[in-house]
Amino acid sequence: METMTSGRVYVVVDRNEPRSIVYFDEGNRRKKQIDLNDHWGLSPHTHHGYLHNENSPNGKPIRLTAQEKRMVDKILADWRKYKSGQ
């Protein structure tokens with residue numbers, strides 16, 4: 001997945017709900033993805049790398065950092081406002 005805007009962050013919506021948050025690097029390639037749904041026993045969790053986990057320390061998704069948690073909270077709050085028509 002690529003983008004034309006350096007450093008862009010996208011939210012993927014599936015079945016009318018946010019599913020993931022995708023970060024892009026300076027080269028416009030996917031850098032990491034925060035999955036909001038539970039799998040791997042983590043919800044939400046982060047995958048590092050273009051393909052999914054190649055840049056994770058153990059090759060698996062990891063828990064969110066404090067900064068990532070703030071981003072998830074902001075996006076979900078904005079989504080609730082959008083859905084309520086505000």
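Residues numbered from 1 in each chain as written. Predicted model: local features only at pLDDT ≥ 70, side-chain atom pairs only at ≥ 80, totals over all residues. Heavy atoms only, no water.

A.B. asks: Would you explain helix 1 (residues 66-84) in this entry?
C.D. replies: The α-helix advances 3.6 residues per turn, and as a result positions three or four apart in sequence lie on the same side. Given a rise of 1.5 Å per residue, 19 residues ought to cover 27 Å, and the 27 Å separating the end C-alpha atoms of helix 1 matches this to within 8%. Looking only at helix 1, the buried set comprises E68, V72, I75 and W79. Buried residues of helix 1 fall within an arc of 70 degrees about the axis and therefore sit on the same side. Of the residues in helix 1, the exposed ones pointing more than 90 degrees away from the buried face are Q67, R70, D73, K74 and R80. On its buried face, helix 1 is in contact with strand 1 (9-14), strand 2 (17-24), strand 3 (30-35) and strand 4 (45-48). Backbone geometry just after helix 1 places G85 at a positive phi near 85 degrees. (Helix = DSSP H or I, 4+ residues; strand = E, 2+ residues; numbered from the N terminus. Expected span 1.5 Å × (residues − 1). Buried < 20%, exposed > 50% of the residue type's maximum accessible area, 1.4 Å probe, protein only. Arc of directions from axis to C-beta. Contact = heavy atoms within 4.5 Å.)

A.B. asks: What should I look at first to understand the packing of aromatic side chains in this one?
C.D. replies: Two aromatic rings, taken as a pair, are described by how far apart their centres are and by the angle between their planes. Scanning the entire structure with this criterion turns up two aromatic pairs. A ring pair is formed by Y10 and F24, whose centres lie 5.5 Å apart and whose planes are at 90 degrees; its orientation type is edge-to-face. Of the two residues, Y10 sits in strand 1 while F24 sits in strand 2, which places them 14 residues apart along the sequence. Given the relative accessible area of 4%, F24 is considered buried. When the centroid spacing of 5.2 Å and the interplanar angle of 40 degrees are considered together, the rings of W79 and Y82 count as tilted. Here W79 and its partner Y82 are both found in helix 1, three residues apart, which amounts to about one turn of the helix. The class of W79 is buried, set by a relative accessible area of 17%. Of the residues examined, Y82 reaches a relative accessible area of 58% and is grouped as exposed. Above the ring of Y50, the side-chain terminus of R29 is found at 3.8 Å from the ring centroid. (Phe/Tyr/Trp six-rings, centres within 6.5 Å; stacked < 30°, edge-to-face > 60°. Lys NZ or Arg CZ within 6 Å of the ring centre and 35° of its normal.)

A.B. asks: In this structure, what is going on with the pattern of salt bridges? I would like to understand it.
C.D. replies: A side chain of one charge can pair with a side chain of the opposite charge if their charged atoms are brought near each other. Using the criterion set out here, one finds three salt bridges in the structure. One salt bridge connects K83 with E17, and the closest N-O pair in it is separated by 3.0 Å. Of this pair, K83 sits in helix 1 while E17 sits in strand 2, placing them 66 residues apart in sequence. A residue is classified by how much of its surface remains accessible, and K83, at 43% relative accessible area, is partly exposed. With a closest N to O distance of 2.9 Å, D78 and K74 form a salt bridge. Of this pair, D78 and K74 are both found in helix 1, four residues apart, which corresponds to roughly one turn of the helix. (Salt bridge = Lys/Arg side-chain N within 4 Å of Asp/Glu carboxyl O.)

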